[in-house]
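Descriptive structure summary
One letter stands for each residue in the lines below.
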Amino acid sequence: MYDLILRRCRLQGRTELHDIAIEGARIAAIAAVVDGQGASEIDCGENLASAPFVESHIHLDSALSAGQPRFNESGTLFEGIQIWGERKGSLTREDVQARALKALELMAAHGVLFVRTHVDVTEPRLIALDALLELRDQVRDWTTVQVVAFPQDGIYSRPENEGLLEEALRRGADVVGGIPHYELTREDGVRSVVRVFELAEKYDRLIDIHCDEVDDEQSRFVEVMVAEAIKRGNGARVAASHTTAFGSYNDAYAYKLMGFLRREPINFIANPLINITLQGRMDTYPKRRGLTRVKELWQNGVNVSLGQDCIYDPWYILGTGNMLDVAHMTVHVAQMTGLQEIDACFDMVTVNGARTLQIDDYGLEVGKTANIVVHNAPDAFSAIRFRQPPRVVVSRGRVIAESPAAQPSLTIG
Ligand code: FE2
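What you see is a predicted model; the values in this text were computed from it and never measured.

**Comments concerning the domain arrangement of the protein**
- We note that the domain assignment places domain 1 (2-51 + 363-402) and domain 2 (53-356) within the protein.
- Contacts between domain 1 and domain 2 engage 22 residues on the former and 25 residues on the latter.
- Approximately 1,700 Å² of surface area, both sides summed, lies buried where domain 1 meets domain 2, with 66% of it carried by carbon and sulfur atoms.
- Looking at the side of domain 1 facing domain 2, the largest losses of area belong to I384, R387 and R396, adding up to 37% of the total buried there.
- Across the domain 1-domain 2 interface, the total number found is one salt bridge.
- R387 is the partner of D325 in a salt bridge, and the nearest nitrogen-oxygen pair spans 3.5 Å.
- Connecting domain 1 to domain 2 are seven residue pairs in polar contact (both at pLDDT 80 or more).
- Among the elements that take part in the side of domain 1 that touches domain 2, helix 13 (residues 380-386) stands out by supplying four residues, more than any other.
- Among the residues forming the side of domain 1 that touches domain 2, the class breakdown is 13 nonpolar, six polar and three charged.

Structure, rendered in structure tokens:
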């Protein structure tokens, strides 16, 4: 007897159907036919079962706050930062937690059970940080949240910011963040990257830096991150987020950087939904796509994962919580339309994200925690093509969401 059996699932890389049996919070058996019965059994109808989606990059402190106090009419990064500057003075713990929880629930219903959120730690009361650290622990039994201490206004742009960043780590942030391209000078930017690496070592934390999120082809802080990773040999624990300027670098420089990345690969996180709308705003025509070199990084064996970045906030008014939207946009903007390339985009919102977040207990294997998404699609390609909510979401062995396929229906006559 098992607690739950998912019958007739498709698994990536296998041709025949499989059953997945769950006991308590663990996967107990995976076989063509699992003998025995489950207290509960679900016929998965020959649909794909996979490990959950991983949201590698989101800002839960600002999620679901669009229009407060006003909407971003220009659509630029800078108006977004301005509006957030007006809003963040009125943040309360309850306000942050209510919006963040709603966003986490929205994502979980779409099969996202691992989330890395940035939180602005240049707000001197650290209200949002405390709110999200508390929420991270409150939701632990159904979703996993990693909190990045993110100095939105820069580490050296105001004298108190460096201390606030370190205080955020003392209070329990999981990851150290930075924003070197937004520091006042190139020298401050370089210094900020080095400081992030020092703090990560001191407090034994991961690194995730908003890096080169501009169209300026002279914004070259990824090279500083890679250089630090080469010196310290810690590339697997390092992520460079956005890196949109990488899309504007000349090919000779990009080629050189790819060579450095072969010496010590770091993780890259792209956010194509938002960056295709934010970047290139100062271009006339042709307008740039605002995406890092996702396809070339993937071709060079560098780990790339994807994030939504924003859901209905001052920077991006759309967003549904569905990582398949992000993969779908990547297929378009990165021109990854080959079948293998589309499968790679599915990996970028699942297994690659788990690698970036350094999650060991991830994957459909006996003995691992039963975090499973049964898609409303037979394979990764169809999942991205139709972007349906999942048929079943299992978290820690429990069914937490179920959605029948929402196919359009047509009646004529
Ligand atoms: Fe971001």
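Further notes follow.
**A short note on the pattern of salt bridges**
- This model, assessed by the stated rule, comprises 38 salt bridges.
- Across the salt bridge formed by R70 and E86, the nearest N and O atoms sit 2.8 Å from each other. Of the two residues, R70 sits in the loop between strand 6 (53-58) and helix 1 (77-88) while E86 sits in helix 1, which places them 16 residues apart along the sequence.
- A salt bridge links E167 to R170; its shortest N-O distance comes to 3.2 Å. Within this pair, E167 and its partner R170 are both found in helix 4 (residues 161-170), separated by three residues, close to a single helical turn.
- Linked by salt bridges that have partners in common, D130, E162, E166, E167, R170, R171, R195, E198 and K202 make up one network.

**Remarks on the nonpolar core**
- Ranked by internal contacts, the top residues of the largest apolar core, which has 108 residues, are L60, L104, L129, M225, I266 and F268.
- Two domains each donate at least three residues to this core, and these are domain 1 (2-51 + 363-402) and domain 2 (53-356).
- Every residue in contact with M225, bar those within four places of it in the chain, is listed here: V193, F197, I207, I209, C211, V238, A239, A240 and I266.
- Listed in part, the 17 residues of the second largest apolar core include C9, I30, L364 and A370.

**Thoughts on the side chain of R7**
- With respect to the helices and strands, R7 occurs in strand 1 (residues 2-11).
- Assessed through its relative accessible area of 16%, R7 is described here as buried.
- Here G36 takes part through its backbone oxygen, which lies 3.1 Å from a polar atom of the side chain of R7.
- With sequence-adjacent residues up to four places away left out, R7 is seen in contact with H18, D19, V33, V34, G36, Q37, E41, I42, D43, C44 and G45.

**Considerations on the packing of helix 4 against helix 5 (residues 186-203)**
- The N-to-C vectors of helix 4 and helix 5 enclose an angle of 25°; their axes lie 11 Å apart at closest approach. It follows that helix 4 is roughly parallel to helix 5 by the angle criterion. In this structure, helix 4 crosses over helix 5, and the sense of that crossing is right-handed. Contact with helix 4, carried on its side by E162, L165, E166, L169 and R170, involves R195, L199, K202 and Y203 of helix 5 and no other residues of that element.

**Side note on the packing of aromatic side chains**
- Within the structure shown, the criterion is met by six aromatic pairs.
- Arranged with centres 5.7 Å apart and planes meeting at 65°, the rings of F114 and Y362 form a pair that is edge-to-face. Of this pair, F114 sits in strand 7 (residues 112-120) while Y362 sits in the loop between helix 12 (351-356) and strand 14 (372-374); the two residues are 248 residues apart in sequence, bridging distant segments of the chain. There is no split in this pair, since F114 and Y362 are both buried.
- Relative to Y249, the ring of F246 has its centre 5.5 Å away and its plane inclined at 40°; by these criteria the two rings are tilted. When sorted by exposure, F246 lands in the same class as Y249, which is buried.
- In this structure, R220 is placed above the aromatic ring of Y253, and the distance from its NZ or CZ to the ring centre is 3.9 Å.

**Focus on a nonpolar patch on the surface**
- Taken together, the side chains of F71, Y312, I317 and L318 define a hydrophobic patch exposed on the protein surface, amounting to about 370 Å² of accessible area.
- Inspection of the secondary structure assignment puts F71 in the loop between strand 6 and helix 1.

**Topic: helix 10 (residues 323-333)**
- Inspection of helix 10 places M323, L324, V326, A327, T330, V331 and V333 among the buried residues, and these make up the whole buried set.
- You can read the cap of helix 10 off the contacts: a side-chain oxygen lies 2.9 Å from the backbone nitrogen of L324, and it is on N322.
- Positive backbone phi, at 55°, marks Q335, one or two positions downstream of helix 10.

**Some words on the environment of Y182**
- Positionally, Y182 belongs in the loop between strand 9 (175-176) and helix 5.
- In this structure, the C-alpha to C-alpha distance between Y182 and D251, residues 69 residues apart in sequence, is 24 Å.
- With sequence-adjacent residues up to four places away left out, Y182 is seen in contact with I81, Q152 and D153.

So, how was this worked out
- Residues numbered from 1 in each chain as written.
- Predicted model: local features only at pLDDT ≥ 70, side-chain atom pairs only at ≥ 80, totals over all residues.
- Heavy atoms only, no water.
- Domains from an automatic or database assignment.
- Contact = heavy atoms within 4.5 Å.
- Buried area = accessible area lost by both parts, 1.4 Å probe.
- Salt bridge = Lys/Arg side-chain N within 4 Å of Asp/Glu carboxyl O.
- Polar contact = N/O pair within 3.5 Å; in protein donor to acceptor, adjacent residues only side chain to side chain.
- Helix = DSSP H or I, 4+ residues; strand = E, 2+ residues; numbered from the N terminus.
- Nonpolar A, V, L, I, M, F, W, Y, C, P; charged D, E, K, R; others polar.
- Core = buried A, V, L, I, M, F, W, Y, C linked by side-chain atoms within 4.5 Å.
- Buried < 20%, exposed > 50% of the residue type's maximum accessible area, 1.4 Å probe, protein only.
- Axes fitted to C-alpha atoms, helices over the stretch in contact; angles between N-to-C directions.
- Parallel < 35°, antiparallel > 145°, perpendicular 65-115°, else oblique.
- Left-handed = near helix turned anticlockwise from the far one by under 90°.
- Phe/Tyr/Trp six-rings, centres within 6.5 Å; stacked < 30°, edge-to-face > 60°.
- Lys NZ or Arg CZ within 6 Å of the ring centre and 35° of its normal.
- Patch = residues over 30% accessible without salt bridge, like charges linked within 9 Å, V, L, I, M, F, W, Y side chains within 5 Å.
- Areas by Shrake-Rupley, 256 points an atom, 1.4 Å probe, with all protein chains shown as cover.

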